[in-house]
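Observations on the three-dimensional arrangement
Listed here are the chains, written in short residue letters.
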Amino acid sequence: MLKARRMTGAEAGSVSLVRRRGGRRWLEVVSIQNDTARPRRSAVLTSLDAKSISGYVASTGEVVNIADAAEPALGRTHAFDMAADQPGTYRSHSVLCFPFSNLEGEVLGIIQLVNRRTGTEGPILPFAPEHAELIRPIDHVIGRAVERAEMVERIARQNAKLRLQNRELESRRRQVAGLQAQTEDAFLLSIRLLAKAADLHDDDTGNHIQRVNEYSYVLASKLGMPEDFCDEIRYSAQLHDVGKMSVDAAVLKKRGKLTETERIEMDRHPEYGYQILRQSPRLGMAAEIALCHHEKWDGTGYPNRLKGDEIPIAARIVQVADVYDALRDSRPYKKDFDHDHARRVILSGDDRLDAAGHFDPRIAAVFAANHADFDRIWRELHD
Ligand SMILES: [Fe+2]
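Because the structure is predicted, anything quoted here is derived from the model rather than measured.

Time to look at the overall build of the chain. If you tally the helices and strands in the chain, you get 16 helices and six strands. Over its C-alpha atoms the chain spans a radius of gyration of 45 Å, topping by over 25% the 21 Å that the globule rule assigns to 383 residues. For the chain, the spread of C-alpha atoms along the three principal axes comes to 125 × 40 × 35 Å. For the chain, contacts bridging at least 24 residues in sequence account for 59% of all contacts bridging at least 6. With an accessible surface of roughly 20,600 Å², the chain has 51% of that area assigned to carbon and sulfur atoms. Across the chain, the mean location of the 55 positive side-chain charges is 6 Å away from that of the 57 negative side-chain charges.

What follows is the structure, given as structure tokens:
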């Protein structure tokens, strides 16, 4: 607009764009320049019809050049109206109004030049026909620039909307992650309490279940088991004896030798545990550990006399962990062993335990290579 005013000597000018509002097309003033008065925004929306110069130009696509326009007979000229010192006082003025359009010829807006003068104090002169011709060639250039600016504005608006949506998604993702963490904590606490309850039923053996978790985790990691497996065995191992909750308390707490019937009842605790734990998919590993932690590598264990690789690996790991801890602890039928003694029993056996027949040799080897970790866990979590 400034360029057009300089080319023609117009004292004022305005740019209006065609907008769609409420299913209709309107002209909206987006820029006003005036050398002799401070622009004043008033009528910002003009309908596209012959009631105003700008509306007429926008609706017909014609150039209008009027030497002696006067309000209100020929309608409003934005630049003049908004610059008027005294609203409602009309004076005659010259107007050159031309449209700009896109390549398809659709009018995108208008530029209105008002009051051609040779100097600020000079008389108002009409615009010459060649002034309109000077501007005509840049019509499409302006149109393209406006289209591009509108596109950039639209993209910026969409980007801002997307950024907002992303922020909302991120905040919801955090909420969900927080809830998942709470659920996970609640799950871990529940099974810890379940394992503890079983332990209390079976004469509280202090931190036994926690230590079995940690030994099992060390063995699984050193065996090279996947991370998920290691994490799962770390909370599943503690549930290996949960089935003891279902064993008759008189049998469970009996001091001295069990009768044959009592022994059979006692040896059912793996199956009882399995029945409790198999109900949750999250406790699948815990269920198979509970069922198989008394099986033996040579097939002489119970309840199903599984042999070698038939025994789930998680159960084979917990066997070593459970036996080591029992050896370190004092029980009614034995005194506590020191680490070296317990290590020898696991690796070579004694008069009560046939190590070769009991343990998976691969896991026994991992124990032999990492036995110091077992002693450390015992000391750290000793009651
Ligand atoms: Fe057991």
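Having put the structure on the table, let's press on.
Right, let's talk about the coordination of the iron ion for a bit. Distances from the iron ion to its protein donors, D241 (OD), H269 (NE2), H293 (NE2) and H294 (NE2), fall at 2.0 to 2.3 Å. For the iron ion, the single-chain donor residues occur in sequence as D-x27-H-x23-H-H. With D241 in the loop between α7 (227–236) and α8 (249–252) and H269 in helix α10 (residues 269–277), this residue pair connects regions lying 28 residues apart in the sequence. Summarising the burial analysis for this pair, D241 and H269 share the class buried.

Take the sheet that holds strand β6 (residues 107–116) next. Here six strands make up an open sheet; going across it, the order is β3-β2-β1-β6-β5-β4 and the pairing antiparallel. Only two strands of the sheet have a single neighbouring strand rather than two, namely β3 (45–47) and β4 (64–69). Taking each pair of neighbouring strands and ignoring which way they run, the sheet shows an average axis angle of 25°. Taken strand by strand, helix α5 (residues 139–201) contacts β1 (10–21), β5 (93–101) and β6, and its axis lies near 65° from that of β5.

All right, on to the environment of A286 then. You can see A286 is positioned in helix α11 (residues 284–292). The exposure class assigned to A286 is buried, which follows from its relative accessible area of 0%. Excluding its chain neighbours within four sequence positions, the residues that come into contact with A286 are S236, L239 and L277.

Another point: the pattern of salt bridges. As enumerated under the stated definition, the model contains 20 salt bridges in all. Among the ionic pairs, K244 bridges to D241, the shortest N-O distance being 3.4 Å. For K244, a relative accessible area of 11% gives the class buried. On the basis of relative accessible area, D241 is assigned to the buried category, the value being 17%. Linking D373 and R376 is a salt bridge whose minimum nitrogen-to-oxygen distance equals 3.5 Å. With a gap of three residues between them, D373 and R376 both fall in helix α16 (residues 371–380), about one helical turn apart.

This part takes up the nonpolar core. Core analysis: the biggest nonpolar cluster contains 34 residues, and L219, F229, I233, I317, Y324 and I346 have the highest contact counts within it. Among the secondary structure elements, those contributing two or more residues to this core are α6 (208–223), α7, α11, α12 (313–328), α13 (339–348), α15 (361–369) and α16. The leading source of residues in this core is α12, at nine residues. Other than its neighbours up to four places away in sequence, I317 contacts S216, L219, A220, L223, F229, I233 and I363. In this structure, M1, F98, L108 and F127 belong to the second largest nonpolar core, which totals 15 residues.

What follows covers the confidence of the model for the chain. Detailed reading of the predicted coordinates is not advisable wherever pLDDT falls low. In the predicted model, the chain carries a mean pLDDT of 86, and the fraction of residues at 70 or more is 91%. In the predicted structure, residues 72–76 sits below a pLDDT of 50 and forms 13 contacts with residues beyond four places in sequence or in another chain. The low-confidence segment residues 78–90 (pLDDT under 50) makes 36 contacts with residues lying over four places distant or belonging to another chain.

Take the packing of aromatic side chains next. Scanning all chains against the criterion turns up six aromatic pairs. Both rings, one in F187 and one in Y235, keep their centres 5.5 Å apart while their planes meet at 85°; by these two values the pair is edge-to-face. Of this pair, F187 sits in helix α5 while Y235 sits in helix α7; the two residues are 48 residues apart in sequence, bridging distant segments of the chain. Grouped by ring-pair contacts, the aromatic residues Y215, Y324, F367 and F374 constitute a single cluster. Here the guanidinium or amino end of R234 rests over the ring plane of Y217, the centre of that ring lying 3.9 Å away. Sitting above the plane of the F187 ring, R282 keeps its charged end 4.0 Å from the centroid.

Below, the discussion takes up α15. All buried positions along α15 are accounted for by I363, A364, V366 and F367. Mapping the buried residues of α15 onto a view down its axis gives an arc of 160°, with all of them on the same face. Structurally, α15 contributes buried residues whose contacts are with α6, α12, α13 and α16.

On to the pairing of β6, then. In terms of residue burial, β6 counts as a mostly covered element, since nine of its ten residues are buried. Note that β1 and β6 share seven bridges and pair antiparallel. Within the sheet, the bridge partner assigned to V15 lies in β6 and is I111. As defined by bridge partners, β5 adjoins β6 across seven bridges and the pair is classed as antiparallel.

Now for the side chain of H358. Tracing the sequence through the fold places H358 in helix α14 (residues 355–358). Take H358: its relative accessible area is 14%, and that puts it in the buried class. The residues touching H358, leaving out its near neighbours within four places in the chain, are K296, W297, Q319, V323 and L353.

Conventions we followed
- Residues take numbers from 1 onward in each chain, read along the sequence in its written order.
- Only residues with pLDDT of at least 70 get local features here, since the model is predicted, and only at 80 or more are side-chain atom pairs given and counted; chain-wide, interface and lining totals rely on the full set of residues.
- Hydrogens and water are ignored here; the side-chain numbers use all heavy atoms of the structure.
- Under the DSSP-based scheme used, a helix requires at least four consecutive residues in state H or I and a strand at least two consecutive residues in state E, with every element numbered from the N terminus.
- To get the radius of gyration, use the C-alpha atoms; to get the globule rule, take the number of residues to the power 0.38 and multiply by 2.2 Å.
- The contact rule is simple, with two residues in contact once any of their heavy atoms fall within 4.5 Å.
- In these tables, accessible area is a Shrake-Rupley quantity obtained with a 1.4 Å probe, and a residue counts as shielded only by the protein chains included in the view.
- Note that His is not counted, nor are the chain ends; the positive residues are Lys and Arg, and the negative ones are Asp and Glu.
- To locate a charge, take NZ of a lysine, CZ of an arginine, CG of an aspartate or CD of a glutamate.
- Note: metal donors comprise N, O and S atoms at 2.8 Å or less from the metal (3.2 Å for Na, K and Ca); water molecules are not included, so apparent gaps in a site are possible.
- Here's how the labels work: a residue is buried when its accessible area is under 20% of the maximum for its type, exposed when over 50%, partly exposed in between, all with a 1.4 Å probe on protein chains only.
- Pairing between strands is defined by DSSP: at least two bridges between them are needed.
- Each axis is a line fitted through C-alpha atoms, and for a helix only the stretch in contact is used; angles between axes span 0 to 180 degrees, taken between their N-to-C directions.
- Salt bridges are counted wherever a side-chain nitrogen of Lys or Arg sits within 4 Å of a carboxyl oxygen of Asp or Glu.
- Only buried Ala, Val, Leu, Ile, Met, Phe, Trp, Tyr and Cys residues count toward a nonpolar core, and they belong to the same one when joined by side-chain atoms within 4.5 Å.
- Along the chain, pLDDT gives the predictor's confidence residue by residue, from 0 to 100.
- Whether two aromatic rings pair depends on their centres lying within 6.5 Å, for rings of Phe, Tyr and Trp, where Trp uses its six-membered ring; planes under 30 degrees apart make the pair stacked, over 60 edge-to-face, and the rest tilted.
- By the criterion adopted, a ring carries a charge over it if an Arg CZ or a Lys NZ lies within 6 Å of its centre and within 35 degrees of its normal.
- In this description, one arc is meant: the one made by directions from the helix axis to the C-beta atoms.

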